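Notes for the structure review
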Amino acid sequence: MSADELQAKIQRIIQRIDSEITVEAAKAGADMAALITDRVVQTGKDSGGNAFSPYSTVPVPAFLYFNKSRSGAGEARVRAKAKKKEKISYRDFRVLNNLNPSPKNFEFTGEMWRGFGVTKTEKTPNGAKVTIGGRTPPSERKLDLNTKREKKDIVEPSAREIAIVTANLENWLENLIQSA
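Now for a quick tour of the structure. All figures in this text were calculated on a predicted structure; none of them were measured in a lab.

**Observations regarding the overall build of the protein chain**
- The helix and strand tally for the protein chain stands at 6 helices and 4 strands.
- N-terminal to C-terminal, the α/β element order of the protein chain is α-β-α-β-α-α-β-β-α-α.
- Taken over C-alpha atoms, the radius of gyration comes to 23 Å for the protein chain, far larger than the 16 Å a tight globule of 180 residues would show.
- For the C-alpha atoms alone, the extent of the protein chain along its principal axes is close to 85 × 30 × 25 Å.
- Looking at the 180 residues of the protein chain, the share that counts as buried comes to 31%.
- For the protein chain, the proportion of contacts with a sequence separation of at least 24, taken over those separated by at least 6, is 61%.
- If you sum the accessible surface of the protein chain, you get close to 11200 Å²; carbon and sulfur atoms cover 53% of it.
- If the 30 positive side-chain charges of the protein chain are averaged to one point and the 22 negative ones to another, these points end up 13 Å apart.

This is the structure in structure tokens:
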């Protein structure tokens, strides 16, 4: 390959990277959000592999949970407890709604996780920047609230998740260079 051919190939590679970087960055962000969601919902583990704090066992009047159940059957069980003037904790409320009380996975209706993903992608002088978080006001509010309650970022990526996304980006770049 001559110097001119090499120069032309390098220019093609640079142009393709420049034109595709934001799309690929957005894909990487979506992958990261999916990996984080899967880890938290399926395992109840934080980015360091530790379990989140348990769901609250502090009893409150059952009527405070009116109209918050996932189903009519869950609502009926809550109302039956309220009628007897019983108190229930959030952990109890999850059980009354046929949800596991452990591990803590921040999933009740799924609304928060459905709204979690890429919120912003922008080109930067060094490539692209992607922001992930709540894409809807309810999701953003719930992510913030749960992060404050937990006293740590519940959607911080783990080293494994970063490695997976980085490897995917490296593969994209290698394929781009090979095809130029």
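**Quick word on the nonpolar core**
- In terms of nonpolar packing, the biggest core is built from 14 residues, with Phe106, Trp113, Phe116, Ile154 and Val155 touching the most fellow members.
- Among the elements of the structure, α1 (3–43) and α4 (111–114) are those that each provide at least two residues to this core.
- Per-element accounting of this core gives the leading share, 5 residues, to α1.
- Ignoring any residue separated from it by four or fewer positions in sequence, one finds phenylalanine 116 in contact with Ala33, Ile36, Thr37, Ile132, Gly133, Arg135, Ser139, Leu143 and Val155.
- Listed in part, the 9 residues of the second largest apolar core include Ala62, Val78, Ala82 and Leu99.

**Digging into the packing of α1 against helix α6 (residues 159–179)**
- Orientation of α1 relative to α6, taken along the N-to-C sense of each, is 155°, at an axis distance of 9 Å. In terms of orientation, α1 and α6 fall into the roughly antiparallel class. Here α1 runs over α6; the crossing is right-handed.
- In terms of residue class, the contact of α1 with α6 is made up of 15 nonpolar, 2 polar and 7 charged.

**Some thoughts on the side chain of glutamate 161**
- With respect to the secondary-structure elements, glutamate 161 resides in helix α6.
- Glutamate 161 gets classed as buried once you look at its relative accessible area, which sits at 1%.
- At 2.6 Å, the side chain of glutamate 161 forms a polar contact with the side chain of arginine 39.
- If we skip the residues at most four places from it in the chain, glutamate 161 touches Met32, Leu35, Ile36, Arg39 and Glu156.

**Let's talk about the pairing of strand β3 (residues 116–124)**
- As judged from the 8 bridges shared by β3 and strand β4 (residues 127–134), these two strands associate in the antiparallel manner. Paired with phenylalanine 116 across the bridge in β4 is glycine 134.
- Remark: 2 residues form the turn of the hairpin made by β3 and β4, two consecutive strands paired antiparallel.

**Considerations on unusual backbone geometry**
- The step from serine 102 to proline 103 runs through a cis peptide bond, and the omega angle for that step is 0°.
- Assignment of secondary structure puts proline 103 in the loop between α3 (90–96) and α4.
- Of note, the phi angle at lysine 85 is positive, near 60°, even though the residue is not glycine.
- Here lysine 85 falls in the exposed class, since its relative accessible area comes to 75%.
- Backbone geometry at asparagine 98 places phi at a positive 60°, although glycine is not the residue there.
- Here asparagine 98 is to be found in the loop between α3 and α4.
- Judged by its relative accessible area of 63%, asparagine 98 is exposed.

Quick notes on the rules
- Residues numbered from 1 in each chain as written.
- Predicted model: local features only at pLDDT ≥ 70, side-chain atom pairs only at ≥ 80, totals over all residues.
- Heavy atoms only, no water.
- Helix = DSSP H or I, 4+ residues; strand = E, 2+ residues; numbered from the N terminus.
- Rg over C-alpha atoms; globule rule 2.2 N^0.38 Å.
- Buried < 20%, exposed > 50% of the residue type's maximum accessible area, 1.4 Å probe, protein only.
- Contact = heavy atoms within 4.5 Å.
- Areas by Shrake-Rupley, 256 points an atom, 1.4 Å probe, with all protein chains shown as cover.
- Lys, Arg positive; Asp, Glu negative; His and termini not counted.
- Charge placed at Lys NZ, Arg CZ, Asp CG, Glu CD.
- Core = buried A, V, L, I, M, F, W, Y, C linked by side-chain atoms within 4.5 Å.
- Axes fitted to C-alpha atoms, helices over the stretch in contact; angles between N-to-C directions.
- Parallel < 35°, antiparallel > 145°, perpendicular 65-115°, else oblique.
- Left-handed = near helix turned anticlockwise from the far one by under 90°.
- Nonpolar A, V, L, I, M, F, W, Y, C, P; charged D, E, K, R; others polar.
- Polar contact = N/O pair within 3.5 Å; in protein donor to acceptor, adjacent residues only side chain to side chain.
- Pairing = 2+ DSSP bridges.

Shape descriptors only; they carry no functional weight alone.
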